[in-house]
Amino acid sequence: MAGSWNATLTTSGQTVTARNAGYNGNLGAGGSTGFGFQVTRPGGTATVSSYTCAAT
């Protein structure tokens, strides 16, 4: 990971988990928000071909 905003990121193998950053507070029902992240990759490795997003 190179950086992120509005989320705290953790990695396990090829899985990246984004969780609410402590300074964000909480969302009410029906609310929305956004976050972002930047990644780097070693030379010669494949680019990401799919993403999965799940709310918990």
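Summing up its helical and strand segments, the chain has 0 helices and 4 strands in all. Within the chain, the fraction of its 56 residues that count as buried is 7%. Within the chain, contacts between residues separated by at least 24 positions form 42% of all contacts whose residues are at least 6 apart in sequence. Of the roughly 4900 Å² that the chain leaves accessible, carbon and sulfur atoms contribute 50%.

Turning to a nonpolar patch on the surface, a few remarks are in order. A grouping of F35, F37 and V39 is seen on the molecular surface, where their side chains present a nonpolar patch of about 280 Å² in accessible area. Of note, F37 is situated in strand β4 (residues 36-38).

Inspection of the sheet shows strand β2 (residues 8-12) paired to strand β3 (residues 15-19) by 5 bridges, in the antiparallel sense. Bridge pairing in β3 places L9 opposite A18.

Analysis parameters
Residues numbered from 1 in each chain as written. Predicted model: local features only at pLDDT ≥ 70, side-chain atom pairs only at ≥ 80, totals over all residues. Heavy atoms only, no water. Helix = DSSP H or I, 4+ residues; strand = E, 2+ residues; numbered from the N terminus. Buried < 20%, exposed > 50% of the residue type's maximum accessible area, 1.4 Å probe, protein only. Contact = heavy atoms within 4.5 Å. Areas by Shrake-Rupley, 256 points an atom, 1.4 Å probe, with all protein chains shown as cover. Patch = residues over 30% accessible without salt bridge, like charges linked within 9 Å, V, L, I, M, F, W, Y side chains within 5 Å. Salt bridge = Lys/Arg side-chain N within 4 Å of Asp/Glu carboxyl O. Pairing = 2+ DSSP bridges.

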